[in-house]
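Tertiary structure, described
Chain residues, written in single-letter form:
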Amino acid sequence: MTRELDVTKEHCPMTFVKTKIELGKLQKGDVLNVKLLAGEPLENVPRSAAEQGFKVLSVKETDTKGVYNIEIEK
């Protein structure tokens, strides 16, 4: 299963807090697509997810400049 989370209106540390809450709702092997902004969220969310034992599958810029999609597997 894949879930979507948009944290483009959030600021650190809430970007990862909300990401971690959503990841907690998933089953092992599920994927969370996180939409976030460049800068601190883009640096912190993938790093923090990996440190927590999640697998970061991809980090890609969307068609909107400065907005990224990160795929994280639980």
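What counts and what doesn't
Residues numbered from 1 in each chain as written. Predicted model: local features only at pLDDT ≥ 70, side-chain atom pairs only at ≥ 80, totals over all residues. Heavy atoms only, no water. Patch = residues over 30% accessible without salt bridge, like charges linked within 9 Å, V, L, I, M, F, W, Y side chains within 5 Å. Areas by Shrake-Rupley, 256 points an atom, 1.4 Å probe, with all protein chains shown as cover. Salt bridge = Lys/Arg side-chain N within 4 Å of Asp/Glu carboxyl O. Helix = DSSP H or I, 4+ residues; strand = E, 2+ residues; numbered from the N terminus. Buried < 20%, exposed > 50% of the residue type's maximum accessible area, 1.4 Å probe, protein only. Pairing = 2+ DSSP bridges. Right-handed = clockwise from strand over helix to strand, strands pointing away. Core = buried A, V, L, I, M, F, W, Y, C linked by side-chain atoms within 4.5 Å. Axes fitted to C-alpha atoms, helices over the stretch in contact; angles between N-to-C directions.

This brings us to a nonpolar patch on the surface. On the surface, Met 14, Val 17 and Ile 21 cluster together to form a nonpolar patch covering roughly 240 Å² of accessible area. Considering the arrangement of structural elements, one finds Ile 21 in helix H1 (residues 14-24). Assessed through its relative accessible area of 49%, Ile 21 is described here as partly exposed.

With five of seven residues buried, strand E2 (residues 31-37) lies mostly within the body of the structure. Both strand E1 (residues 2-6) and E2 contribute to a ladder of five bridges, which runs parallel. The residue of E2 that forms the bridge with Asp 6 is Lys 35. Remark: the E1/H1/E2 crossover connection has right-handed handedness. Pairing of E2 with strand E4 (residues 67-73), which is carried by seven bridges, proceeds in the antiparallel orientation. Paired with Leu 37 across the bridge in E4 is Val 67.

This part covers the nonpolar core. The biggest cluster of nonpolar side chains holds 15 residues, and the ones touching the most others in it are Leu 23, Leu 32, Val 34, Leu 36 and Ile 72. When residues of this core are traced back to their parent elements, those giving at least two are H1, E2, helix H2 (40-51) and E4.

This brings us to the sheet that holds E2. Spatially, four strands are ordered E1-E2-E4-E3 in an open sheet, and the strand pairing comes out mixed. Looking at strand neighbours, the two that pair on one side only are E1 and strand E3 (55-61), the edges of this open sheet. Here the strands of the sheet are splayed against their neighbours by 20° on average, with no regard to which way each runs. Where E3 meets E4, six bridges bridge the pair, whose relative direction is antiparallel. Counted as the bridge partner of Glu 61 is Tyr 68 from E4.

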